[in-house]
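Tertiary structure, described
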Amino acid sequence: MTLLDLPISATFGLFEDFEVIDPDGFEEDIIDDTVTVISQGTTVNGGINSAGAVDVMGTINGDITSRGKVAINGTVTGNVSGAEIYINTKRLEGSLDSKGTVQISEGTVIIGNVTGTSAYIAGAVKGTIDVQGAVVLEEGAVVKGDVIAESLQINQGAVLDGSCSLDYTDVDIDKFFA
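Report follows, based on the coordinates.

So, how was this worked out
Residues numbered from 1 in each chain as written. Predicted model: local features only at pLDDT ≥ 70, side-chain atom pairs only at ≥ 80, totals over all residues. Heavy atoms only, no water. Core = buried A, V, L, I, M, F, W, Y, C linked by side-chain atoms within 4.5 Å. Buried < 20%, exposed > 50% of the residue type's maximum accessible area, 1.4 Å probe, protein only. Helix = DSSP H or I, 4+ residues; strand = E, 2+ residues; numbered from the N terminus. Contact = heavy atoms within 4.5 Å. Phe/Tyr/Trp six-rings, centres within 6.5 Å; stacked < 30°, edge-to-face > 60°. Lys NZ or Arg CZ within 6 Å of the ring centre and 35° of its normal. Salt bridge = Lys/Arg side-chain N within 4 Å of Asp/Glu carboxyl O.

On to the nonpolar core, then. Formed by 30 residues in total, the largest nonpolar core has its most connected members in Ile64, Ile72, Val80, Leu96 and Ile129. For this core, the elements supplying multiple residues, two or more each, are strand S4 (53-56), strand S7 (69-72), strand S10 (84-87), strand S13 (101-104), strand S16 (118-121), strand S18 (129-131) and strand S19 (134-137). In this structure, Ile64 is in contact with Ile48, Val54, Val56, Val70, Ile72, Val76, Asn79, Val80 and Ser81, ignoring residues within four places of it in sequence.

The following block contains the structure:
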């Protein structure tokens, strides 16, 4: 006899010890070490929510939300949120929101805003970069937009077309000019 063979009244009480998880979000303490891999040749039309890391080598047409690291070597059209974000693709149209580091590789174009605790940019970004810590623009990096950070390093050969504000620094700039 299976569960399907039981009358409905007999199944009441069987699932009392099971926890119902909200499918629209994650519990704060649910983080695991699994890796969701979207392999080359695979296309996902819709968003992905993962309690672990996400490694994209295929195509995702939708947002990615991960409690772990996100590595994109494939194609993504949508916003990306994760503990750390590593982008090594030709173009990504969407914002990047990291709880930690954002790394954008040489040859990558991001059309969207970037937030995190640190950012290392060797590619191109069109949008605002708002980082609580250091932003490093490597040789060949191009940023069209404002940078808000604790510190900014612009290496020779990098281009910044926008304003820079060191809002997160501990220095009281106004006291120097009082």
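To describe a pair of aromatic rings, one takes the distance between the centres and the angle between the planes. The full count for this structure, using the stated rule, is zero aromatic pairs. The aromatic ring of Phe176 is capped on one face by Lys175, whose charged end is 6.0 Å from the ring centroid.

The residue Gly162 is located in the loop between strand S23 (159-161) and strand S24 (164-165) in this model. For the pair Gly162 and Gly145, spaced 17 residues apart in sequence, the C-alpha to C-alpha distance is 4.7 Å. Other than its neighbours up to four places away in sequence, Gly162 contacts Gly145 and Asp146.

For side chains bearing opposite charge, pairing can occur when the charged atoms are close. For the structure on display, the rule yields three salt bridges. Close ionic contact of Asp161 with Lys144 constitutes a salt bridge, the shortest N to O distance being 3.2 Å. Taken together, the residues span a long stretch of sequence, with Asp161 in strand S23 and Lys144 in strand S20 (residues 142-144) at a distance of 17 residues. Judged by its relative accessible area of 45%, Lys144 is partly exposed.

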